[in-house]
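Chain residues, written in single-letter form:
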Amino acid sequence: MIRLSIIIPFYNVEQYIAQCLDSVYKQDIPETEYEVICVNDASPDKSREIVLEYQKKHSNLVLVEHDVNKKLGAARNTGRSVARGTYIWNVDSDDMIAPNCLSEVLDICEKGTLDVLVFGHQNVVNDAVVKPDERDVIPATLRMSGIEFMRQYGISHLYAISPVWRQIFRKEFLDKKGIYSLPVNMSEDVPYTYNALVHAQKLQVSDKPYYFYRCNSQSIGEQMLQSPSAINAYESCFVVPRELFRIADELRAEAPDVCKAIQQVGTWCFQLYGKYAERMTKEQHDSFLSICRRKLLHNVDVLFHLGHKKRKAYIKFVVFG
């Protein structure tokens, strides 16, 4: 029986992917009990060749390939579509998991028949392990529903809980609820994670750091802070908020406090459009404006969830640039 599927999409990570794969194979359960699904999202570098070398040594490594780049969220969905494990762990290709942790995390998941296990992490800066900010630390909990978790901890730790790699999910639960990643690059995991958390009936938190997150200057998030691309900015500021507002609207009657918190995240994502525009090259700025003008009517549902001042400011931006 395959207890766990570790899904690793990769694109342009030849510098890091071997270290990532080493970490998923320094484990304390037989390789027959888990699988490693690497999704090549049309990577132009030597990442694929590195993965193929690992596949020669490990029969549980599955390589799935995209003919064209479909973006991170779609690559996660591709990996999920072939996964056979009871549980799913989405791991980024420049990060690592803790050595000999799989036996422990799977025991927690299986004993509680959990829908979601949330856990701690540590940061990696220039190959040195650094403890996360105290605001990112969530105390261990007993089993509870996802709504209870959001009320007790999630609302006060919205940023900390949003990365998809910080949770392990039961595949049957995700399938039943129809929870999939948005086919975008930027912030695709935020609505995915919140959607899973609010629908979970059995959730538990471990405060142990099972994940090592690399602070990588070449990551999509870091590039967005330096020189954003038009399409990534549009997806982050409109596609992601649209899904967040949809999730929030579903919770309006059942959990108005959680609904309000998720709406606030959607609004925060939307408001980044101005900062991204300021940091773009002229070519990207013109392209971003073109997308926003073309999609103005399409974005009415997003603008509907914003206050009058924010709507007016955005329309002014679209008209005058």
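In this text, all values refer to a predicted model and were calculated from it rather than measured experimentally.

## Things to note about the overall build of the protein chain
Counting secondary structure elements, the protein chain contains 14 helices and nine strands. The C-alpha radius of gyration of the protein chain comes to 20 Å, within 12% of the 20 Å expected for a compact globule of 321 residues. With the principal axes as the frame, the protein chain shows a C-alpha extent of 60 × 45 × 35 Å. Burial status across the protein chain gives 56% buried among its 321 residues. For the protein chain, long-range pairs separated by at least 24 residues make up 81% of all intrachain contacts whose partners lie at least 6 apart in sequence. Split by element, the accessible area of the protein chain, about 14,900 Å² in all, is 52% carbon and sulfur. Once the 39 positive and 40 negative side-chain charges of the protein chain are each reduced to a mean point, those two points are 7 Å apart.

## Overview of the pattern of salt bridges
With the rule as written, the count across this model stands at 21 salt bridges. E33 is the partner of R3 in a salt bridge, and the nearest nitrogen-oxygen pair spans 2.8 Å. Residue R3 is located in the segment before β1 (4–10), and its partner E33 is located in the loop between α1 (17–25) and β2 (34–40); the two are separated by 30 residues in the primary sequence. Using a relative accessible area of 12% as the deciding quantity, one classes R3 as buried. Measuring nitrogen to oxygen at the nearest pair gives 2.4 Å for the salt bridge that ties K71 to E235. Highlighted residues: K71 in the loop between β3 (61–65) and α3 (72–82) and E235 in helix α10 (residues 230–250), separated in sequence by 164 residues.

Here is what the cut-offs are and how they apply
Residues numbered from 1 in each chain as written. Predicted model: local features only at pLDDT ≥ 70, side-chain atom pairs only at ≥ 80, totals over all residues. Heavy atoms only, no water. Helix = DSSP H or I, 4+ residues; strand = E, 2+ residues; numbered from the N terminus. Rg over C-alpha atoms; globule rule 2.2 N^0.38 Å. Buried < 20%, exposed > 50% of the residue type's maximum accessible area, 1.4 Å probe, protein only. Contact = heavy atoms within 4.5 Å. Areas by Shrake-Rupley, 256 points an atom, 1.4 Å probe, with all protein chains shown as cover. Lys, Arg positive; Asp, Glu negative; His and termini not counted. Charge placed at Lys NZ, Arg CZ, Asp CG, Glu CD. Salt bridge = Lys/Arg side-chain N within 4 Å of Asp/Glu carboxyl O.

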